[in-house]
Amino acid sequence: ANISAIVQFLPEDLGAFARVHSQIKIDLQEHLSPAVLQAVQEGAADLGVCHLGSSGSPAGLQSRPYRSDHLVLVMPQSHALSARAAIDFEEALDCDIVGLQAGSSVGLAMQQAAARAGRTLRQRIQVTSLDAMCRMVANGLGVGLLPSRAFGLLQGLGPLAAVPLTNAWAQRELRLVARD
């Protein structure tokens, strides 16, 4: 599963499943969405949870909706943009960005949005976890994008504010994927 699914939804869902089906072994591994798809395609995983983006299900795989999330721009509470009710990501392109590791679905979406705007993404720091991103942002090293529910779960990591993105790509669907 990807990090968004693991942080936001899977602890409760897998906990409830394991209580009812204690005889089933769960082997969960965190990967970027493209690696989740590859593992399912190759048979290394029976089931994946990830964001497919605009490409849809690859050949040989079926997918079903799992959950949806909405990306928010996270910044220190003292940031000039923190009072906004909502924001277009293009308005954040003047800020330094704290992003997730290369190849993450959020990172790819940010890069594509910057390219559509004819701008360069000022990504100064890359991290591998949402809590590390929040800590970097809280310490004034830039702004970041993460799912709104994840922000709610991680709010204790510093004086942060979250502003919902108005971009259509910020509304994401996580999907269950499996081989045909």
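Turning our attention to the nonpolar core. Residues Leu73, Met75, Phe89, Leu121, Leu145 and Leu165 are the most contacted members of the largest nonpolar core, which totals 21 residues. Broken down by secondary-structure element, the contributors of at least two residues to this core are strand E2 (61-76), helix H4 (105-116) and strand E6 (160-164). Sorting elements by how many residues they give to this core places H4 first, with four residues.

This structure, assessed with the given rule, holds two aromatic pairs. Taking 6.2 Å as the distance between ring centres and 90° as the angle between the ring planes, the aromatic pair formed by Phe9 and Tyr66 counts as edge-to-face. Pair noted here: Phe9 is in the loop between helix H1 (3-8) and helix H2 (10-20) and Tyr66 is in strand E2, with a separation of 57 residues, a long-range link. Judged by its relative accessible area of 6%, Phe9 is buried. On the accessibility criterion, Tyr66 (18% relative accessible area) is buried. Taking the centre distance of 5.6 Å and the plane angle of 80° together, the rings of Phe89 and Trp169 count as edge-to-face. Pair noted here: Phe89 is in the loop between E2 and strand E3 (97-100) and Trp169 is in the loop between E6 and strand E7 (171-179), with a separation of 80 residues, a long-range link. Given a relative accessible area of 1%, Phe89 falls into the buried group.

This part takes up a nonpolar patch on the surface. Side chains of Phe17, Ile24, Ile26 and Leu28 sit close together on the surface and give an oily, nonpolar patch of about 320 Å² of accessible area. On the secondary structure map, Phe17 appears in helix H2. With a relative accessible area of 34%, Phe17 lands in the partly exposed category.

Turning our eyes to something else, we now look at the side chain of Ser33. Examined against the element boundaries, Ser33 turns out to sit in helix H3 (residues 33-42). A polar contact of 3.2 Å, which involves the side chain of Ser33, links it to the backbone nitrogen of His51.

What follows is about the pattern of salt bridges. The tally for this structure, following the rule as stated, stands at eight salt bridges. Here Arg67 and Asp13 are joined by a salt bridge, their closest N and O atoms 2.9 Å apart. Here the residue Arg67 occupies a position in strand E2, and Asp13 occupies one in helix H2, the gap between them amounting to 54 residues. Since its relative accessible area comes to 32%, Arg67 is described here as partly exposed. Taken together, the shared-partner salt bridges connect Asp96, Arg122 and Arg124 into one network.

Attention now goes to the pairing of E7. Where strand E1 (residues 48-51) lies against E7, four bridges are found, and the strand directions are antiparallel. When the bridges of E7 are listed, Cys50 appears paired with Arg175. Where E2 and E7 come together, nine bridges link them in antiparallel fashion. Note on E7: the bridge partner recorded for Ser63 is Val177.

Criteria and thresholds
- Residues numbered from 1 in each chain as written.
- Predicted model: local features only at pLDDT ≥ 70, side-chain atom pairs only at ≥ 80, totals over all residues.
- Heavy atoms only, no water.
- Core = buried A, V, L, I, M, F, W, Y, C linked by side-chain atoms within 4.5 Å.
- Buried < 20%, exposed > 50% of the residue type's maximum accessible area, 1.4 Å probe, protein only.
- Helix = DSSP H or I, 4+ residues; strand = E, 2+ residues; numbered from the N terminus.
- Phe/Tyr/Trp six-rings, centres within 6.5 Å; stacked < 30°, edge-to-face > 60°.
- Patch = residues over 30% accessible without salt bridge, like charges linked within 9 Å, V, L, I, M, F, W, Y side chains within 5 Å.
- Areas by Shrake-Rupley, 256 points an atom, 1.4 Å probe, with all protein chains shown as cover.
- Salt bridge = Lys/Arg side-chain N within 4 Å of Asp/Glu carboxyl O.
- Polar contact = N/O pair within 3.5 Å; in protein donor to acceptor, adjacent residues only side chain to side chain.
- Pairing = 2+ DSSP bridges.

It is worth stressing that arrangement in space is one thing and function is another; only the former is reported here.
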